[in-house]
Structure formats: C-alpha cells, structure tokens
Amino acid sequence: MNLKQESNTPIYIQIAEWIENEIIADQLLENGKVFSQYQLAEMFNINPATAGKGLAILLENGILYKKRGLGMFVQEGSKELILSKRHNEKLSNLAKEIVEEAKRLFVSDSELIELIKKIQREG
Amino acid sequence: MIGVPEIICHQVEKRYRNKRVLHSLTCSINKGKLSGLIGRNGAGKSTLLKLLAGHLKPTNGEITVFGECPFNNLKTASNIMFVEEGMTFPPLFTVLDIFKMAKDFYPNWQHELAKRLLDYANIPTNAFHHNLSKGQKSTFNLIYGLASRCTISLLDEPMNGMDESIRTDMYRAILKEYIAYPRTIIISSHHLNEMEHLLEEIILIDNGQIKLHASLDDVQQMLVRLRGDINLIRKLTSDMEVFFEKEDLFHYEVVVERNKIDEKLLQTMNILVQPVTASEVCKFMTSKGKGGIDDVFK
C-alpha cells in the first residue's frame, strides 16, 4: 500500500486502516502478533512516532491488545468489530457521497444501480 | 529518558554587529525526536544550529544542552554532531583516514556502515575530502554524521548539492539509522515536502523567531483549502483568519483553519474541501501577502 501524504486523512489513521485491512483479509490473525512501530516505520518509510500513533488508536478501540514486553496482538473478535464499524461508518458515508454526486449529475436511480453492478462485474 | 527536554532555548537573541538574526527565541526539544527545522532563506536556521552546537555564543538569553551551556564546552561538543557545508578535515587525510580518526574519537562510531554507505554512494575511499564534488562532499559529511551516532545530530541542509536519487537514499538512510539507534536529530531544510515523512515534529522559524512548533500530523491537518462559489465562501469565512486567497475567472479558493469549518456541511453546499500539505502550511505562515506571487503582478 502507498500512503497518501497529501490527504484529508492523517498518515497515522491511514496506518491504522491498513492494519485493519490486514485483519479483515486474514493476513493478521486473532491473537497473532502485529508489526511493531519500528517495523511499520521501516515498511512505510515514516517516522516511528507516526506509526506508533496508528497502533495507539487500534489499542484504544480494542482492535489490538498489549502484552508487556512482547508487543501488540490482535484482539479476539476484532475482525467482526472492524467489519461492522466499516459497514456502519465508512461504507454508508461513501454510499451517501455517491448518491449525492449522482443527484448532482442528474443520474437516475436505475442508472446508478446499473453502474454499480457493472463495476462489480468488472472488479 | 524520553520526554525530557534535552535542548532548551530561552529568550535567545543573536546579533552579528548591527544585524539581529534571532530575537527572543524560546523553544525546547525533547530527547529522541527527529525534528525538521524549516524556514525561508535567512530566517535564522543555521544560526540557531550553530548556537546549539556551541560554535557561536548568544548575544542575549540562555541555551542549555544536556543541562549545560554548549558554548566552549567540551562535554556537549563531544556529544553533538554538527553536519554542515563548511565542515573541514585535515587536508592530507583521505576519506578513509577521516573515518579511522573518527573511530578513535566517537565511542559509537559505525565503521563498517560508514564504509558501506561510502561505497554505495560511489565515493572512493582513497579520495581527498577537498577534491570531492559538492554533492559528494555533502554525502560524505552526512555519512560521517550518521556513523558517529552522537546523542544529538544537527544536520544543516544536509542534502545540498546532492542529486535527486541520492537524496532519496540518504533520507531513507537517516530514517533507518534513527530506527536502529534512536537519538535526537534536527534536520534543517527549505525542502519540507521531500522529508516530511521522516519527521515527528516541525519547528518553523521566521524572522528569527519560532513561528510554529508542532507535530507533523498536527501541521498536516492544520489548514484546509476551500474551493467553490466566491460569495458563498466569503460569507462563510468572514470571521476566520485567511492564510491564502486566490481568485480567477473560474474559481475561488481560500485557505483557513480546519477546526473552524464543518466539513460535512460544506460538502452539502458544493464547496470542495482539500488538504493543505505541511510544506504549504509553512509557506503560508511565513509569506507576506495573502495572495502570494500573483499579488505582486496585480
């Protein structure tokens, strides 16, 4: 993944989202060890403090847990937690944006649904 | 201990004859941070670094590094690495001789790493420092600075004269060295955009004073650019501080603080909300007018 330096989303949130994506994709498993802030810094070519902030958010949200001296691990049930959170927040916000843009461009409901289906077929 | 200020400047003033370069500059820098010292030409970046390194004495005010005054101080000098364009080495020494000398002088000296980096940068070990090209000299100085692993590294425009590809490599080298051996590093530059990913903090200096000292994340999120209908935006931003404003035939844009606006609301009003990069923030905060260069030609 490439980070977007020029974005409304801060880098540390992009890092947190990347880790969430890895959990959703089963690249990181429950109770499995997560990259340290230094590994993340090295991987994404960013300051370790920025990477650390990304991990701190996930810790706060209960996605990760800490074992003293051993690092951070994926909390049980975090995959479902992320999926429902993304569904409620990100996906519905994106859907809202799409509907608004469609309205602005005078695209009808059926045209919009057809467009989504077409992208799904291609994707 | 991390979190303790390692460098403290209190009401520092520096004059060269009648010219006041720094005035009432106050700041503190915590141990173990990688910070960028940003400012326009002549803002006082190099003077500040020279004061911290103990090469200059402040005209007024107080500087403490490791709890001591750095001027004429052997203890601070042996723990501070100051990389700058004017670094001089004994003229009869090859670059390898310089490394061998450094090995005796710096307890944490990384000899193998220094030699590998030199080889990577295609600088022959038997070259003399004064015969290196401008870019090679900068590369050598930076390698020397990194390999010494001093408690504090002050890098004054370390990439001057380097070509594009070696610059990118050297920024990565700084990051990797910092991860391997965390220490206080301050890099001065007027090219914030090429190094902002490395930094934890930004210290913006303007007219000899600290204009802004904040974490990079905060600076990146500080301002936003609004684009859309001029009358609507003017009305919405009438009571806000405007950092930049541009108007042409087809669109209008204005830069304001992010925490003053309601992003969701603006989107429903057909106003585009765009990010403002850290380097633009620094530019807007240190430029004279609100319209930039376009104002001059009006």
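Predicted model, so just to flag it, every value in this text is computed and none were measured.

(A) Broad picture of the sheet that holds strand β5 (residues 80-83) of chain B. All names here are of chain B. If you trace the six strands from one edge of the open sheet to the other, you get β5-β6-β7-β3-β8-β9, paired in mixed fashion. Because the sheet does not close on itself, it has two edges, and the strands there are β5 and β9 (209-215). Taken over all neighbouring pairs, the strand axes of this sheet differ in orientation by 15 degrees on average, direction set aside. Here β5 pairs with strand β6 (residues 152-156) via four bridges, running parallel. When the sheet's bridge partners are listed, methionine 81 is paired in β6 with serine 153. Contacts from helix α10 (residues 278-286) reach β3 (34-38), β8 (201-206) and β9, with the element oriented near 25 degrees to β8.

(B) Focus on the UniProt feature "domain: HTH gntR-type" (unreviewed entry) in chain A. Here the UniProt feature "domain: HTH gntR-type" (unreviewed entry) sits at residues 9-77 of chain A. Within residues 9-77 of chain A, the helical portion is 51% and the strand portion 12%, while the C-alpha atoms at the span's ends are 26 Å from each other.

(C) Geometry of the interface of chain A and chain B. Taken together, the contact pairs 19 residues of chain A with 24 residues of chain B. For the pair chain A and chain B, the two sides together bury roughly 1,900 Å², of which 45% comes from carbon and sulfur. Considering only the surface of chain A that becomes buried against chain B, Asn8, Glu42 and Asn45 of chain A emerge as the three largest contributors, covering 31% of it. Inspection of the chain A/chain B interface yields three salt bridges. Salt-bridge contacts for glutamate 42 of chain A lead to arginine 172 of chain B; the nearest nitrogen and oxygen are separated by 3.1 Å.

(D) The packing of aromatic side chains, seen in detail. Residue and element names in this part refer to chain B. Enumeration over the complete set of coordinates arrives at twelve aromatic pairs over all chains. Centroid distance phenylalanine 99 to tryptophan 109: 5.4 Å. Interplanar angle 55 degrees. Geometry classified as tilted. Here phenylalanine 99, found in helix α3 (residues 95-105), pairs with tryptophan 109, found in the loop between α3 and α4 (111-120); they are ten residues apart in sequence, far enough to count as distant. Relative accessible area serves as the criterion here: at 9%, tryptophan 109 is assigned to the buried category. Members of the aromatic cluster, joined through ring pairs, are Phe89, Phe99, Phe105, Tyr106, Trp109, Phe140 and Tyr144.

(E) Seen up close, unusual backbone geometry. Residue and element names in this part refer to chain B. Even without being a glycine, phenylalanine 66 presents a positive backbone phi close to 50 degrees. Following the sequence through the fold, phenylalanine 66 ends up in the loop between β4 (60-65) and α2 (74-79). Of note, the phi angle at asparagine 122 is positive, near 60 degrees, even though the residue is not glycine. Its place among the elements puts asparagine 122 in the loop between α4 and α5 (134-147). Given a relative accessible area of 63%, asparagine 122 falls into the exposed group.

(F) Structural view of the sheet that holds β4 of chain B. Residue and element names in this part refer to chain B. Spatial strand order, β2-β1-β4: three strands in an open sheet with antiparallel pairing. What marks the edges here is a single partner per strand, and that holds for β2 (19-30) and β4. Pairs of neighbouring strands in the sheet enclose a mean axial angle of 15 degrees, with direction left out of account. Sheet topology places strand β1 (residues 5-16) next to β2; eight bridges connect them, and they run antiparallel. By the bridge assignment, valine 12 is partnered in β2 with leucine 25. Packed on one face of the sheet, helix α1 (residues 45-53) meets β1, β2 and β4 and runs near 120 degrees to β1.

(G) Geometry of the side chain of histidine 197 of chain B. Following the sequence through the fold, histidine 197 of chain B ends up in the loop between β7 (184-189) and β8. For histidine 197 of chain B, a relative accessible area of 15% corresponds to the buried category. Those residues in contact with histidine 197 of chain B, other than ones at most four positions away along the chain, are Gln5, Asn45, Ile46 and Asn47 of chain A.

(H) Just the packing of α4 of chain B against α5 of chain B, in detail. All names here are of chain B. Contact geometry of α4 with α5 gives a least axis separation of 9 Å together with a crossing angle of 160 degrees. Between α4 and α5, the interaxial angle falls into the category roughly antiparallel. Of the two possible hands of crossing, α4 and α5 adopt the one that is right-handed. Of α5, the residues touching α4 (which contributes Ala114, Leu117 and Leu118) are Phe140, Ile143 and Ala147. Of the residues belonging to the contact of α4 with α5, the class tally is six nonpolar, no polar and no charged.

(I) Spatial organisation of the domain arrangement of chain B. Residue and element names in this part refer to chain B. According to the domain assignment, chain B consists of domain 1 (5-207) and domain 2 (219-296). For domain 1 versus domain 2, the distance between C-alpha centres works out to 35 Å. The interface of domain 1 with domain 2 comprises eight residues on the first partner and eight residues on the second. For the pairing of domain 1 and domain 2, the buried interface totals around 680 Å² over both sides, and the portion due to carbon and sulfur atoms is 69%. Looking at the side of domain 1 facing domain 2, the largest losses of area belong to Arg40, Glu196 and Leu204, adding up to 56% of the total buried there. The element that contributes the greatest number of residues to the side of domain 1 that touches domain 2 is β8, accounting for three residues. A class-by-class count of the residues in the side of domain 1 that touches domain 2 yields four nonpolar, one polar and three charged.

(J) Summary view of the pattern of salt bridges. Following the criterion strictly, the structure yields 26 salt bridges over all chains and no others. For arginine 86 of chain A, the salt bridge goes to glutamate 20 of chain A, with nearest N and O atoms at 3.1 Å. Of the two residues, arginine 86 of chain A is situated in helix α4 (residues 78-104) and glutamate 20 of chain A in helix α1 (residues 11-24); the sequence distance between them amounts to 66 residues. Here arginine 86 of chain A matches glutamate 20 of chain A in class, with each residue buried. For arginine 15 of chain B, the salt bridge is made with glutamate 13 of chain B, and the minimal N-O distance between the two is 3.4 Å.

Rules used in this analysis
- Residues numbered from 1 in each chain as written.
- Chains lettered and ligands numbered in written order.
- Predicted model: local features only at pLDDT ≥ 70, side-chain atom pairs only at ≥ 80, totals over all residues.
- Heavy atoms only, no water.
- Pairing = 2+ DSSP bridges.
- Helix = DSSP H or I, 4+ residues; strand = E, 2+ residues; numbered from the N terminus.
- Axes fitted to C-alpha atoms, helices over the stretch in contact; angles between N-to-C directions.
- Contact = heavy atoms within 4.5 Å.
- UniProt positions renumbered as here; feature names shortened; annotations may be inferred.
- Buried area = accessible area lost by both parts, 1.4 Å probe.
- Salt bridge = Lys/Arg side-chain N within 4 Å of Asp/Glu carboxyl O.
- Phe/Tyr/Trp six-rings, centres within 6.5 Å; stacked < 30°, edge-to-face > 60°.
- Buried < 20%, exposed > 50% of the residue type's maximum accessible area, 1.4 Å probe, protein only.
- Parallel < 35°, antiparallel > 145°, perpendicular 65-115°, else oblique.
- Left-handed = near helix turned anticlockwise from the far one by under 90°.
- Nonpolar A, V, L, I, M, F, W, Y, C, P; charged D, E, K, R; others polar.
- Domains from an automatic or database assignment.

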